[in-house]
Amino acid sequence: MAWIKAKHEGDLAGVAARLYHSNIILSDLDDTLAKSPMKKVAYGFLKRPDMLANPKFIAWCAKAAWKKAVKGKKAESELGREFVEKFLDGRERKKLEEKMSFDYMDELRESAFPGVFSFYSMLPNAMKIIVTRSIHEIAWAYRCALDFDFSMEEQYDKKKSVDFIMRVFPKLKRYAIFGDSAEDEEMVDYLRFQLVKGSIDTLVSVHIAKSEKKANPDFDCSIGRNYSSLAELISKYFRLSSSSQ
């Protein structure tokens with residue numbers, strides 16, 4: 001079910017305007033554009049006899065279960081990084097690359113959350129960049145499937161990621177941020193600081209929540225894992241703005 005909740009009541013029109021007029025969009029991948037591809041890879045290892053016989057993998061699974069129980073979602077960044085470093089060697093990455101070739105673009109597009117592709121197609125004038133902790137093979141495939149312009153992979157310090165992007169694209173100053181984690185909130189906080197400094201012109205942030213109860217008031221608005229409500233909001237804004245001209 002699609003839903004949308006603004007940080008400030010009555011601010012949905014402002015959210016729509018800033019989204020529609022944004023010229024650069026930074027989006028996380030895992031649990032933001034689609035159900036986490038990296039988690040799917042990790043869960044897939046649990047079905048492999050060779051990994052179940054690997055003491056290092058079993059130890060990592062036990063550690064992951066404990067950290068998730070204690071820290072919840074905040075543990076995911078560290079665990080994901082360890083998983084990549086310990087278990088995704090060149091051979092495993094090659095397997096992933098083959099699974100995510102151009103032959104599977106339709107399948108990958110369909111794996112995105114409902115409304116993602118149609119929503120982004122409504123913003124053709126914005127530069128779209130995936131900023132993710134995920135690996136290149138996965139991020140590149142989703143970038144192609146969802147028609148994003150660039151992807152930045154294995155980004156564990158997203159504040160630095162944004163600083164780099166600002167230096168590469170100094171003329172793009174109307175930012176939109178999409179994410180679901182504390183690391184994504186770092187991007188929002190850093191850009192709010194840049195907005196106050198006058199380094200950028202506008203900023204809008206959208207949190208992707210697992211449920212309405214988990215809406216994040218530190219973002220300008222929250223939506224569920226269905227972008228249809230956001231697409232409808234943009235469509236409504238476009239019609240209203242066009243009729244007023």
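Keep in mind that what you see is a predicted model, and the values were worked out from it rather than measured.

*Asks:* Would you explain the side chain of serine 36 in this entry?
*Replies:* In this structure, serine 36 sits in the loop between strand S2 (24-27) and helix H2 (37-45). Setting aside residues up to four positions removed in sequence, serine 36 forms contacts with Asp30 and Asp31.

*Asks:* Mind showing me how you'd approach the sheet that holds strand S7 (residues 221-223) here?
*Replies:* Each strand in a sheet pairs with its neighbour through backbone hydrogen bonds, running either in the same direction (parallel) or in the opposite one (antiparallel). Overall, mixed pairing links the seven strands, which are arranged S1-S7-S6-S5-S2-S3-S4 in an open sheet. Of all strands in the sheet, those with a lone pairing partner are strand S1 (4-6) and strand S4 (150-152), marking the two edges. Taking each pair of neighbouring strands and ignoring which way they run, the sheet shows an average axis angle of 20°. Note that strand S3 (residues 127-131) and S4 share three bridges and pair parallel.

*Asks:* When you look at the pattern of salt bridges in this model, what are you seeing that I'm missing?
*Replies:* Here the idea is simple: oppositely charged side chains can pair when their charged atoms come close. Inspection of the entire model under this criterion finds 19 salt bridges. Notably, a salt bridge pairs glutamate 82 with lysine 63, separated by 2.6 Å at the nearest N-O pair. Of this pair, glutamate 82 sits in helix H5 (residues 76-87) while lysine 63 sits in helix H4 (residues 55-71); the two residues are 19 residues apart in sequence, bridging distant segments of the chain. Relative accessible area serves as the criterion here: at 13%, glutamate 82 is assigned to the buried category.

*Asks:* Can you help me understand the environment of proline 170 in this one?
*Replies:* With respect to the helices and strands, the residue proline 170 is situated in the loop between helix H10 (158-168) and strand S5 (174-179). On the accessibility criterion, proline 170 (47% relative accessible area) is partly exposed.

*Asks:* Explanation requested: a nonpolar patch on the surface in the structure shown.
*Replies:* A cluster of nonpolar side chains, contributed by Tyr43, Leu46, Leu52 and Ile58, occupies part of the molecular surface with about 390 Å² of accessible area. Within the fold, leucine 52 resides in helix H3 (residues 49-52). The class of leucine 52 is partly exposed, set by a relative accessible area of 43%.

*Asks:* So what exactly am I meant to see when it comes to the confidence of the model for the protein here?
*Replies:* The predicted coordinates should not be examined in detail at positions where pLDDT is low. Within the protein, residue pLDDT values average 90, and 96% of them lie at 70 or more. Mean pLDDT values for the elements of the protein range from 79 in helix H12 (residues 228-243) up to 98 in S2.

*Asks:* I tried to follow the packing of aromatic side chains on my own but got confused; where do I start?
*Replies:* Working definition: an aromatic ring pair is given by the centre-to-centre distance plus the angle between the planes. Scanning the model with the defined rule gives 15 aromatic pairs in all. Ring geometry for phenylalanine 119 against tyrosine 227: centres 5.9 Å apart, planes inclined by 50°, an arrangement best described as tilted. With phenylalanine 119 in helix H8 (residues 116-121) and tyrosine 227 in the loop between S7 and H12, the pair connects residues that are 108 residues apart, well separated along the chain. The residues phenylalanine 119 and tyrosine 227 share a single accessibility class, namely buried.

*Asks:* Teacher, can you tell me more about the packing of H4 against H5 here?
*Replies:* In the contact formed by H4 and H5, the axes pass within 10 Å of each other and the chain directions differ by 170°. Here H4 lies roughly antiparallel to H5, going by the angle between them. Here Lys56, Phe57, Trp60, Lys63, Ala64, Lys67, Lys68 and Lys71 of H4 lie close against H5, whose contacting residues are Glu76, Glu78, Leu79, Glu82, Phe83 and Phe87. Residue composition of the contact of H4 with H5, by class: six nonpolar, no polar and eight charged.

Calculation notes
- Residues numbered from 1 in each chain as written.
- Predicted model: local features only at pLDDT ≥ 70, side-chain atom pairs only at ≥ 80, totals over all residues.
- Heavy atoms only, no water.
- Helix = DSSP H or I, 4+ residues; strand = E, 2+ residues; numbered from the N terminus.
- Contact = heavy atoms within 4.5 Å.
- Pairing = 2+ DSSP bridges.
- Axes fitted to C-alpha atoms, helices over the stretch in contact; angles between N-to-C directions.
- Salt bridge = Lys/Arg side-chain N within 4 Å of Asp/Glu carboxyl O.
- Buried < 20%, exposed > 50% of the residue type's maximum accessible area, 1.4 Å probe, protein only.
- Patch = residues over 30% accessible without salt bridge, like charges linked within 9 Å, V, L, I, M, F, W, Y side chains within 5 Å.
- Areas by Shrake-Rupley, 256 points an atom, 1.4 Å probe, with all protein chains shown as cover.
- pLDDT = per-residue confidence, 0-100.
- Phe/Tyr/Trp six-rings, centres within 6.5 Å; stacked < 30°, edge-to-face > 60°.
- Parallel < 35°, antiparallel > 145°, perpendicular 65-115°, else oblique.
- Nonpolar A, V, L, I, M, F, W, Y, C, P; charged D, E, K, R; others polar.

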